[in-house]
Structure formats: C-alpha cells, structure tokens
Amino acid sequence: CRFIITTRPGLIIPSELNVFRLQPLSVEVVLQFLSLYQLDKDQEFQVKKQLSVFGKKPIEPLLFNMIIEQGRNDKLSSTRAQLYERFFRRQLRVTTDTIWEGWRTVLGEFAKWFMLETGRRGVGVIHETLVDKISSKPGDQNTNSLFERSKKYYQLPVESELNLLEKLQASAVFQRSK
C-alpha cells in the first residue's frame with residue numbers, strides 16, 4: 001500500500017508504475033478545459049484573471065485545479081506559493097495560523113519523504129514506512145517525532161499517526177492506493 005499526494009479523486013495508478021510525471025499544460029490547453037468545469041461567467045472571468053498572473057508559462061495540472069477552485073471565490077493569488085497555501089488551508093479546513101504552521105510542517109516533511117524536493121516525484125511511500133517515519137525521532141534522539149511536534153508546538157487536532165493520515169485522506173490532500 002502506498003500514499004500519494006493528488007487532486008484527482010479516484011486516480012488509479014498501476015502497481016507496475018514506479019515513477020510518473022504529469023506534464024504542465026499550456027495556457028491554450030487550459031482555456032480549452034474551462035468549459036468542462038461548468039463555471040458561470042463571473043467564475044470563468046476570475047479563473048482567466050488568475051491565469052493571467054502567470055503569463056504564458058505552462059501550468060502544472062495541480063496548479064490548474066487550484067486555480068479552478070479559487071475561481072469559485074473572489075480572491076486572487078499573486079504567486080504560485082500563495083495559491084498552494086490557500087488550496088491546502090481550504091482542503092484541511094484550517095482555522096488558525098498556528099494550525100496552518102503545523103500542517104505546513106507535516107506536509108513539508110512528507111514532501112521530503114516523497115522526493116518532491118529533488119524534482120523526482122515518486123509513487124509514494126509504503127503505509128508502514130510512512131507511519132514509522134511520522135512516529136520516529138529524527139537523527140537527534142532528543143528531538144521529538146513529527147507526530148509529537150505536530151501536537152506539542154502546533155496543537156494539530158490529531159489523535160494518532162493513523163488519525164493524521166486519515167485527516168489528510170479525508171481532506172483529499174492524500175490518497176491511499178494499493
């Protein structure tokens with residue numbers, strides 16, 4: 001069993017596929033996709049306005065999904081980082097900056113574990129390995145585990161390592177697949 005970060009509900013990844021990469025979408029392709037989302041005129045205008053912030057640069061599929069979701073309200077993001085933050089805050093139903101910092105810390109560690117920082121996006125991490133990483137202390141044994149830090153410093157509303165994974169799954173930030 002592996003975990004992957006996704007915005008595509010029901011995405012099935014063949015077990016024989018070890019690594020995959022979704023290619024960015026050109027602005028022209030993105031504009032063709034807009035009609036599939038059944039946005040009203042104001043929402044479509046908002047999405048096009050958000051897309052214009054990024055100019056002619058290709059858009060990653062995840063970023064495109066975030067732009068669509070954000071287009072359903074009136075806020076514009078001036079950077080990709082701001083778009084990602086707003087997406088994750090909404091998905092995780094974050095209500096305070098302290099809790100956001102906790103989730104950001106957790107997601108940052110997951111990004112390291114899933115090789116996102118290296119630019120090589122893996123299929124995920126085996127369930128048992130992921131739970132062990134969440135509960136393990138880093139190299140310095142005087143340091144708390146990720147789970148302990150998330151509770152102690154950020155008061156994340158999670159009861160256990162498994163509950164942390166369940167909350168990420170329920171928010172559609174995370175997907176468990178076989």
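From a predicted model like this one, the values you see are computed outputs, not experimental measurements. (Residues numbered from 1 in each chain as written. Predicted model: local features only at pLDDT ≥ 70, side-chain atom pairs only at ≥ 80, totals over all residues. Heavy atoms only, no water.)

Caption draft 1: Local environment of the pattern of salt bridges. Counting across every chain of the model gives 7 salt bridges. The salt bridge involving Lys112 is made with Glu109; its shortest N-O contact spans 3.3 Å. Of the two residues, Lys112 and Glu109 are both situated in helix H5 (residues 97-113); the distance of 3 residues between them amounts to about one turn of the helix. According to the relative accessible area criterion, Glu109 is buried, its value standing at 18%. The salt bridge partner of Lys137 is Glu148, with a shortest N-O separation of 3.5 Å. Taken together, the positions of Lys137 in the loop between helix H6 (127-135) and helix H7 (146-152) and Glu148 in helix H7 put the pair 11 residues apart, joining distant regions of the chain. With a relative accessible area of 33%, Glu148 lands in the partly exposed category. The network of salt bridges with shared partners includes Glu85, Arg89 and Asp97. (Salt bridge = Lys/Arg side-chain N within 4 Å of Asp/Glu carboxyl O. Helix = DSSP H or I, 4+ residues; strand = E, 2+ residues; numbered from the N terminus. Buried < 20%, exposed > 50% of the residue type's maximum accessible area, 1.4 Å probe, protein only.)

The values are spatial; any link to function lies outside them.
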